[in-house]
Structure formats: structure tokens, C-alpha cells
Amino acid sequence: MRRHSRRIYNICYRFTGNRTEAEDLSQDVFLRVYRTLGSYRSAHGGFATWATSVTRNLLIDHYRRTKRDRITDSLDDKMPIVENKESAGRRPDEQALLGELSMQVQSALTRLSPELREAVILRDLQQLEYAEIQTVLAVPEGTVKSRINRGRIELARILQQMGVGPA
Amino acid sequence: MTWTCDLIEARLSDYLEGLLQGPERAEFETHANSCTDCAPLLASVRSLVGEMHAMEELEAPPRLVYAILDKTLGPRETVTGWEAFLNLVRGLATPKFAYSVASVMATLIIILGASGFSLRKPKLADLRPAAIYQNADRQAHLVFARSVKYVSDLRVVYEIQSRLRQDENNLQTAPEELLPKSSPEKNPGQTDQQKPSQPRQQNRANQLTRQLEMLAVELPMLGERSGR
């Protein structure tokens, strides 16, 4: 369960950009999964894919519910979270640079529209295959590729406006 | 195909993920690298995708798992002190555990008994490795000697039976021919002089056989006397 909770937490955090909301939404995802486990069928894909679909649906519902109330969140919630094991091998200055870049990409992500944001998160941050993303989003593969492409281009333009150039 | 900036933008991800091949790819690169709008766009998107792939997965807060368990399975009661101990004892009071304990105790008792440890008068000295080895060695030799004696006794009985059957068939022959030679007096511990290599048990069997033969010879004569 730790592996699944970590993955779902990451999707929620990347989508919302808020730690507290990501925790609450992760709990809601598992509660929904726990309650609807009887309706899971292998036709929905693997369990991970099905859980990702539930996550995505809850994120969209949350986005629509909080659309009017959305204001700039506190800076603390957007700070990078605990270091991962992989980061232990990097130099401090490299880590600081990557951390800052990660913050900027995260900030730019939250400015994307939800459809483009979820496509980019699933492809580039969660490394899902097109077929799996197609199952999660319940749209044709052509639409998936189109959203990913537009999301990347839009994200690059937002970063350019923020003054973040290519590395 | 004539590549325009709109087309370059539409197929940008296909190019980055290697889905364009051969002449199509070459034409894409020719336009993208030479166009003042497309070249920076390609560079920035390529860099962005690389950065996102390098971004590490974040660690979930440790409390998240417990919060999920509380929400799905319900809050767990934490018990301390005597109640925790009683819960542990209740958990152990199952037939399976009791059977396991009994098996372990029986095994220990058998091993201790074989090693010479007396349960009625336990001594710590009996648990020395040398004492355990000596006791186990003595027990093994005792068991071996008893089994050898048992097998030898069975053999004696078998030989007696076979000789009796043989003698029943030979009762028609002259008694003088059947008179055995007197067996020499044997002291305890001495083997048969004729066959010094034979074990003591075989000498005993031979002695019994000779006695039975003499008895078998005398029995008909006794019967004749009683018949008169």
C-alpha cells in the first residue's frame, strides 16, 4: 500500500501543487477505492490503472469544486518536500538547482488547464504509456497525444514567461 | 510534405519521442533547426521534457498511510499495560499454539531423557556437553546390546524349534548313534574351544541343542518304561 499511496500522493501533489490538499485527496482516493473495490473489473486495466483513474476523477471533481475559491496558496505548501534517497548522491549546489527548477516547473504546471495538466503529469512525471493514459482519461489515443503535446508546449511557454530558459 | 510551423508544433512530441522516421524526420529537422520560431520552441520543449523526467518522485508523509488505514478500516485502539498483556495471552490460547507447545515440551523431555538428565533430581552438571555425550553414548550402546540380545534369543528359539522338528524325524534311528558327546564344562566367559571365534550366544545355543537332543533320546525310553 505504501507504493500505491506514494504514487497517488505524487499525482495529487503535482496536480494541486498543495501538500495538504494532496494528503486529503490521497485519503479520499483510497476511501473511494476501498468502498468500490467490488466494482473493479480487470477490463478496467490493472489495479494501478484503475486506482489512477479514480485519482484523476477525484482531482477533476476537486478542481471544479474549488475553482471559485482558488486563490494563491501559501508559499510553504509549494516548497519542495523531503529529500528522496536518489538525491543523496548529488552535490548540494546541484540539488539546490534541481529543487528550484522543480519548484518552477510545479508552479508552471498549476497554471495549465486541467486537461493538459493531467496529460503531462501522467506522461512525463508518472512515465505511463499512451495506452494506459488512454484508459485513465477515457479518451482516444490521438486525443491523449494531442493533449500531451499541447501541454508540453504550453508549459514551455509559461516557463519562458517566468524567465526560466532551457538548461 | 511541406513542413509549416503549425505542423512542426503539432508533431513536436512525435519527433521528441522518436515516432518520426526516415525522410519525414529529416524534413522535420531541416525546418525546425532553420526556423527562428520553431528552433527555440523545440529546444525549450526538449529541455523541459528532460527536466520533468529527471524530477524525483516525492515521499509521501509517513502519517498518510496511517490516516488512510484510519479512514478505511477505522481507528485502531491502542492498549497498554495489563490489557495489552492479557490480549497477548488470549491470542496465544489457541489449540494450534497449545499443540505446538506440547510438541516442543515432549521433544525436550525426550532429548533430556536421552542425554541422561534426570527430571526428578536435576543437576546442572548433567547439562555439560561432555556429560551429555557420555550419557548419549552409553544409552546408544545399551540399546544396541539389548537389541542384539533380543535377536540372538529369537535365533536360539528358532534353532531349538528346527532341531526339535529334525529330531522328530530321526527318532527311528538307534539311540546310541544319537548320543552326543559330553560337552566340556564351561566357565562363564569362556567360549567353545572347538570354535573359539564363535560368540558366546552361539555357544549357549549349541549347549541347549545338545541338552534337547539328549532329552529327545531319553523320552522314548521313558515312554516304554511307563508303558510297562
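Residues numbered from 1 in each chain as written. Chains lettered and ligands numbered in written order. Predicted model: local features only at pLDDT ≥ 70, side-chain atom pairs only at ≥ 80, totals over all residues.

**Q** Which residues make up the overall build of chain A, and what values do they have?
**A** Secondary structure assignment for chain A yields seven helices and zero strands. Walking chain A from its N terminus toward its C terminus, one meets helices and strands in the order α-α-α-α-α-α-α. Expressed as a percentage of its 167 residues, the buried residues of chain A come to 32%. Of the contacts formed within chain A by residues at least 6 apart in sequence, a portion of 67% connects residues at least 24 apart. (Helix = DSSP H or I, 4+ residues; strand = E, 2+ residues; numbered from the N terminus. Buried ≥ 20, exposed ≤ 12 C-beta atoms within 10 Å, placed from the backbone. Contact = placed C-beta atoms within 7 Å.)

**Q** A description of the packing of helix H3 (residues 47–65) of chain A against helix H6 (residues 130–137) of chain A should follow, citing residues and the corresponding values.
**A** All names here are of chain A. Closest axis-to-axis distance for the H3/H6 pair is 8 Å, and the angle between their directions is 50°. The angle between the axes of H3 and H6 places the two elements in the oblique class. For H3 against H6, the interelement crossing comes out right-handed. Touching Thr49, Thr52, Ser53 and Arg56 of H3 are Glu132, Thr135, Val136 and Leu137, all from H6. Among the residues forming the contact of H3 with H6, the class breakdown is two nonpolar, four polar and two charged. (Axes fitted to C-alpha atoms, helices over the stretch in contact; angles between N-to-C directions. Parallel < 35°, antiparallel > 145°, perpendicular 65-115°, else oblique. Left-handed = near helix turned anticlockwise from the far one by under 90°. Nonpolar A, V, L, I, M, F, W, Y, C, P; charged D, E, K, R; others polar.)

**Q** Explain the interface of chain B and chain A to me, using residue names and the numbers behind them.
**A** With 27 residues of chain B at the interface, the matching set in chain A holds 34 residues. Secondary structure elements with two or more residues in the side of chain B that touches chain A: helix H1 (5–10), helix H2 (12–16), helix H4 (38–54) and helix H5 (62–73) of chain B. At 10 residues, H4(B) tops the list of elements feeding residues into the side of chain B that touches chain A. Here the side of chain B that touches chain A is built from residues that sort into 16 nonpolar, five polar and six charged.

**Q** Tell me what's going on with unusual backbone geometry, and back it up with residues and numbers.
**A** Residues and elements named next belong to chain A. Unusually for a residue other than glycine, glutamine 127 sits at a positive phi of about 55°. Its place among the elements puts glutamine 127 in the loop between helix H5 (114–125) and H6. Owing to 11 C-beta atoms within 10 Å, glutamine 127 belongs among the exposed residues under this scheme.

As far as function goes, none of this settles anything; it's purely spatial.
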